[in-house]
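Each chain, letter by letter, is given below.
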Amino acid sequence: MDETQGCCCHKTKERSESEYKDLIHRLNRIEGQIRGIRGMVERDAYCTDILTQVAAANAALSSFTKVLLANHIKTCVARDIRDGKDETVDELVTTLQKLMK
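In this text the structure is predicted, and so the values were computed from the model without any measurement.

### Focus: helix α2 (residues 47-82)
The terminal C-alpha atoms of α2 lie 51 Å apart, and with 36 residues this matches the ideal 52 Å at 1.5 Å per residue to within 8%. Buried within α2 we find I50, A57, A60, F64, L69, C76, V77 and D80. Buried positions along α2 lie against α1 (17-42) and α3 (87-99). Two residues or fewer past α2, G84 is found with a positive phi of approximately 80°.

### Thoughts on the side chain of R26
Within the element layout of this structure, R26 appears in helix α1. When its relative accessible area of 18% is taken as the criterion, R26 is described as buried.

### Some points on a nonpolar patch on the surface
A surface patch of nonpolar side chains, amounting to about 260 Å² of accessible area, comprises Y20, I24 and L27. Look at L27 and you get partly exposed, because its relative accessible area is 35%.

### Overview of the pattern of salt bridges
Per the stated rule, a full pass over the model turns up eight salt bridges. In this structure, E17 engages K21 in a salt bridge whose closest nitrogen and oxygen atoms are separated by 3.0 Å. A residue pair is termed a helical-turn pair when its members lie 3 or 4 positions apart in one helix, as E17 and K21 do in helix α1 at four residues. Classification of E17 as exposed rests on a relative accessible area of 54%. Here D22 ties to R26 by a salt bridge, and the two come within 3.1 Å at their closest N and O atoms. Placement of the pair is D22 and R26 together in helix α1, with a separation of four residues, close to one helical turn.

Cut-offs used in this document
- Residues numbered from 1 in each chain as written.
- Predicted model: local features only at pLDDT ≥ 70, side-chain atom pairs only at ≥ 80, totals over all residues.
- Heavy atoms only, no water.
- Helix = DSSP H or I, 4+ residues; strand = E, 2+ residues; numbered from the N terminus.
- Expected span 1.5 Å × (residues − 1).
- Buried < 20%, exposed > 50% of the residue type's maximum accessible area, 1.4 Å probe, protein only.
- Contact = heavy atoms within 4.5 Å.
- Patch = residues over 30% accessible without salt bridge, like charges linked within 9 Å, V, L, I, M, F, W, Y side chains within 5 Å.
- Areas by Shrake-Rupley, 256 points an atom, 1.4 Å probe, with all protein chains shown as cover.
- Salt bridge = Lys/Arg side-chain N within 4 Å of Asp/Glu carboxyl O.

As structure tokens, this is what we get:
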């Protein structure tokens, strides 16, 4: 699929080892939380207990989003602005609008 067919992943970013490890660690924890929720459903756990775990997973995903967004602004966006690529600001605004739905 090329970028004109809706792929949003046509750009790449080299991350520092510490940024990479932090993001992967967060995703691994979230993945574990989701597997735990599925296990609770499979074991017929009480609804409130499942909802509590869903809230925790949502909070972890929200935290991941905030960290990734901050890293993006500090690196990619700042670099592009310095390089005169004003379209990056429009891209950031569009991304923020999607995140705020």
